[in-house]
Amino acid sequence: MTLQIYEHDVIIVGAGGAGLSAAISAAEQGADVGVVCKSLLGKAHTVMAEGGIAASLGNMAPDDDWRSHFLDTMKGGWGLNDPKMAEIHALESPERVLDLERWGAVFDRTTDGKISQRNFGGHRYTRLAHVGDRTGLELIRTLQDKAVSLGIQVYMEYTITELLKDSTGKKLAGAFGYWRVTGLPVLFRAKKIILATGGSGMAYHVNSSSWEYTGDGPAMALRVGAELVDMAFVQFHPTGMVWPLSVKGTLVTEGVRGEGGVLKNSDGERFMFNYIPDAYVGSIADTEEEANRWADGDSSARPPPELLTRDVVARAILNEASEGRGSEHGGAYLDIASQRPTEFILQKLPAMYHQFKELAGIDITKEPMEVAPTCHYMMGGIRVDPETQETCVPGLYASGEAAGGLHGANRLGGNSLSDLLVFGNRAGIHAGQSAQKMKNFPKIPEENIESAIDHLSFPFKNKSSGEHPFRLRDELQTIMEEYVGIKRDEEGLEKGIEELQQLRSRTSNLFATGSQSYNAGWQTCFDLINLIDVSLAIAHSALERKESRGAHTRIDFPTPSDPLGKVKFIVSLSSGKFNISSVSIPTPRKELLAMIKKDQTKQKSSGKK
Ligand SMILES: Cc1cc2nc3c(=O)[nH]c(=O)nc-3n(C[C@H](O)[C@H](O)[C@H](O)COP(=O)(O)OP(=O)(O)OC[C@H]3O[C@@H](n4cnc5c(N)ncnc54)[C@H](O)[C@@H]3O)c2cc1C
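Residues numbered from 1 in each chain as written. Predicted model: local features only at pLDDT ≥ 70, side-chain atom pairs only at ≥ 80, totals over all residues.

For the rest of this paragraph, the subject is the overall build of the protein. Helices and strands together make up the secondary structure of the protein, namely 17 helices and 20 strands. Taking 609 residues into account, the globule formula puts the C-alpha radius of gyration at 25 Å, and the protein, at 23 Å, falls close to it. C-alpha atoms of the protein, sized along the principal axes, occupy 70 × 50 × 50 Å. Relative to its full complement of 609 residues, the protein shows a buried share of 57%. Once local pairs closer than 6 in sequence are excluded, the contacts in the protein between residues at least 24 apart make up 75%. (Helix = DSSP H or I, 4+ residues; strand = E, 2+ residues; numbered from the N terminus. Rg over C-alpha atoms; globule rule 2.2 N^0.38 Å. Buried ≥ 20, exposed ≤ 12 C-beta atoms within 10 Å, placed from the backbone. Contact = placed C-beta atoms within 7 Å.)

The next subject is the sheet that holds strand 13 (residues 332-335). Pairing within the open sheet is antiparallel, and its 4 strands lie in the order 11-14-13-12. Strand pairing shows two members of the sheet lacking a second neighbour, strand 11 (234-241) and strand 12 (262-264), which therefore form its edges. Going from strand to strand, the sheet's axes swing by 45 degrees on average, the running direction of each strand aside. (Pairing = 2+ DSSP bridges. Axes fitted to C-alpha atoms, helices over the stretch in contact; angles between N-to-C directions.)

This part covers the pairing of strand 2 (residues 33-37). Counting buried residues in strand 2 gives 5 out of 5 residues, a clear majority hidden from the surface. The side-chain alternation of strand 2 yields two buried faces, one formed by Val-33, Val-35 and Cys-37 and the other by Gly-34 and Val-36. In this region the chain leaves strand 1 (residues 4-13), passes through helix 1 (residues 17-28) and returns to the parallel neighbour strand 2; the handedness of that crossover is right-handed. (Right-handed = clockwise from strand over helix to strand, strands pointing away.)

Two elements in contact, helix 14 (residues 469-483) and helix 15 (residues 490-506), have axes whose closest approach is 9 Å; the angle formed by their N-to-C orientations is 165 degrees. Of the possible angle classes, the one that applies to helix 14 and helix 15 is roughly antiparallel. For helix 14 against helix 15, the interelement crossing comes out left-handed. Along the contact surface, helix 14 presents Leu-472, Glu-475, Leu-476, Ile-479 and Tyr-483, while helix 15 presents Gly-492, Leu-493, Lys-495, Gly-496, Glu-499, Leu-500, Leu-503 and Arg-506. A class-by-class count of the residues in the contact of helix 14 with helix 15 yields 7 nonpolar, 2 polar and 4 charged. (Parallel < 35°, antiparallel > 145°, perpendicular 65-115°, else oblique. Left-handed = near helix turned anticlockwise from the far one by under 90°. Nonpolar A, V, L, I, M, F, W, Y, C, P; charged D, E, K, R; others polar.)

Here it is, written out as structure tokens:
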């Protein structure tokens, strides 16, 4: 097989919001940058983002500032967030949103011409900058235009399968893979590599993910010695479509609730009033009348319980359904039709209107939607330095959903797009600057390149009596749904790990037939190897975390544990064995700690935000 070789100072794997942000800032440091992506430029998962970008611009709520955003992020993450990351994220989000505006993004506007913001769960102020319910499309379009204007080289439809180190075995030196168009191998030599490969939602049957979400970045990083963090925390978004089955899991943006939509059970009751957790008692409306006043803009009222954090709302819907008060197909009803006029819905939620009209034959301006939890986001990911985004493997960086640490036990809506912009930018700056200091490209031992090429063709060497990649993926998704889903316990997790280990050993027998050009079966073999490793990391971390916190619910340990609230679990891989260790979460700096304590006391005593 002919090997194609390219060289760039910085190679970025991923052309979503995180990858493109990193590419722009690395190029602005003077580095020669190449971006590699599995699909076409502009088609990354980020394009699907709907509701908005969280940033304390204060356009709708003048009292908002980075401190409130920091406090909300820490509270939403059940205190498990890396405090430095949460601080940087809150401080830098507004400027990154303004970068988008400077580069031509057309946001929705307030009547006085500022960027419009909307409400989302867990944010005490109206904070999400948005473009209708198609914010991701505008974000990607803007970053893509900017990247192209800087002359950044983009390699489309290339899949990276392996990271390669230099001859010392310590530093990262290249990314190896194939071009999906021909199936031929390719090597990207680089001084620095940034992984911005997004999430791993394809590990579950019911998910809101794009086909690219196969955990490639975290799995490849793990295999070259990087660590993963917070892997137990998988976000099940409360509102995915339920019916028809063919679109089960497709996301229904939180923007519906942000714009006034309410959740009802089969008795027509707004059940979320029954699920306000202790930490939020006092800061959430306790009557429908107050909740409605807040939705109509009365700032003296408190927000409705539908805007509690996603973990809380997802569990509530599940509970209503399991106690016999679910919707026709086992979820809940999300109703904006009875709350807002038709023109408002069409203007604020055009994509949701079309989604339901075309996929389910439902007119959301007249009827309620049926919704249930769907696997949506990975809070866990590659462990990085909070300031530079470098991993423990020299030369390897990560950002965006592929990286972990910022969101702790639960991510607030809108905090992903801001995460991509803030930490994508930081990864690009630091990788770009340090690449500039290196004279030469690190050397990759020839035998390592040959073995990568050899590995690429392994599924064609196996007999067709071997393992079918799509069937194996189906088995994986069933295991994850059954044992590592929203609710977990020790027995199930142990069984899940055992079955995942068996799947892992069966991957050497995966087979592919036909040509290497756009061969979905062959390509799924590599996706699957990554998905299984990420799933094992999730399951091991979930087993170790003997408590319920945020998105991680243990039936056998139903409450949070104080000691576990002070540690993060780290996953590493050595000789094929998954190791779990714990590290203490750094104490926030003095001023931030004082702010957190003051906020908690204020909330308890006043019962208001
Ligand atoms: C329907 C929906 C709505 C959402 N709405 C919001 C919202 O309103 N606000 C918010 O904050 N968040 C939202 N999210 C979450 C948010 O969109 C994602 O978390 C975020 O876009 C992830 O961006 P990323 O840059 O990390 O990865 P992505 O955008 O997924 O990009 C990953 C890139 O990596 C590439 N890649 C992956 N593996 C490889 C490989 N092996 N080789 C080469 N390339 C590879 C892919 O091709 C892709 O280019 C939403 C998510 C969904 C699904």
